[in-house]
Amino acid sequence: MTETRKHHSAKTTKVEGFLRESVEVAQARLETLEAEAQKLLHEVQTRFQKVSGKDWAEVRERLDHLREVGMERAEEWKDKAQEFRVEAAEKLENLQVSALRFLGVASREEVAELSREINKILKRLDDSRRRKAGKPTRKPVVGQA
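Residues numbered from 1 in each chain as written. Predicted model: local features only at pLDDT ≥ 70, side-chain atom pairs only at ≥ 80, totals over all residues. Heavy atoms only, no water.

Moving on, we get to the overall build of the protein. Secondary structure summary: the protein contains 3 helices and 0 strands in total. Taken across its 145 residues, the protein has 1% of its residues classed as buried. In the structure as shown, the protein presents an accessible area of about 14800 Å², 58% of it carried by carbon and sulfur atoms. (Helix = DSSP H or I, 4+ residues; strand = E, 2+ residues; numbered from the N terminus. Buried < 20%, exposed > 50% of the residue type's maximum accessible area, 1.4 Å probe, protein only. Areas by Shrake-Rupley, 256 points an atom, 1.4 Å probe, with all protein chains shown as cover.)

With that out of the way, let us pick up the pattern of salt bridges. Applying the stated criterion to the full structure yields 5 salt bridges. The shortest N-O distance in the salt bridge between Lys-120 and Glu-117 comes to 3.9 Å. On the criterion of helical spacing, the pair formed by Lys-120 and Glu-117 is a turn pair, its members being 3 residues apart in helix H3 (residues 108-134). By relative accessible area, Lys-120 is classed as partly exposed at 46%. For Arg-130, the salt bridge is made with Asp-127, and the minimal N-O distance between the two is 3.1 Å. Here Asp-127 and Arg-130 lie together in helix H3, a separation of 3 residues that amounts to about one turn. (Salt bridge = Lys/Arg side-chain N within 4 Å of Asp/Glu carboxyl O.)

A few words now on a nonpolar patch on the surface. Taken together, Phe-48, Trp-56, Val-59, Leu-63 and Leu-66 make up a surface patch of nonpolar side chains, about 530 Å² in accessible area. Per element, the largest residue contribution to the nonpolar patch is 4 residues, and it comes from helix H2 (residues 53-103). Within the fold, Leu-66 resides in helix H2. You can call Leu-66 exposed: its relative accessible area is 56%. (Patch = residues over 30% accessible without salt bridge, like charges linked within 9 Å, V, L, I, M, F, W, Y side chains within 5 Å.)

Right, let's talk about the packing of aromatic side chains for a bit. Scanning the entire structure with this criterion turns up 0 aromatic pairs. One residue, Lys-80, lies across the ring of Trp-77, its end atom 5.0 Å from the ring centre. (Phe/Tyr/Trp six-rings, centres within 6.5 Å; stacked < 30°, edge-to-face > 60°. Lys NZ or Arg CZ within 6 Å of the ring centre and 35° of its normal.)

With that settled, the discussion passes to the confidence of the model for the protein. Mean pLDDT over the protein works out to 80, with 79% of the residues at or above the 70 mark. The element-level mean pLDDT for the protein is lowest in helix H1 (residues 2-50), coming to 74, with H3 highest at 91. (pLDDT = per-residue confidence, 0-100.)

As a further point, take a negative patch on the surface. Residues Glu-75, Asp-79, Glu-83, Glu-87, Glu-90 and Glu-93 make up a contiguous surface patch of negative charge. Within the secondary structure layout, Asp-79 lies in helix H2. Residue Asp-79 is classed as partly exposed on the basis of its relative accessible area, which comes to 44%. (Lys, Arg positive; Asp, Glu negative; His and termini not counted. Charge placed at Lys NZ, Arg CZ, Asp CG, Glu CD.)

Right, here's the structure in full:
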């Protein structure tokens, strides 16, 4: 039993040693990163302080110019996008018409024309029925045959 405790104790010592080394390495890396971050922060602060009021005016002017150019480009792209949308809609409509023709489906105009023709025919039938309904039917006279 004491032998297993010694073996377990040796493993624990090895793991603790490994973890200690890993923690020490990580801590050293963190210290290095912290030092680099401090240098970078100091450099940024130094550069920021160098920018005087005069320089700010120049930076602001550049930013305003970039904003104006950006707005112009945005308008151009907006116009191009609108043109593309219109062209795409026209092409899609043409494709639909072609597909319907290929399938033998009537167009709107053809359907409207057929509807007008059907209405004319129905009107003629109604007129014909009215005329027939208005005429007295002749009954054969009894005894004349």
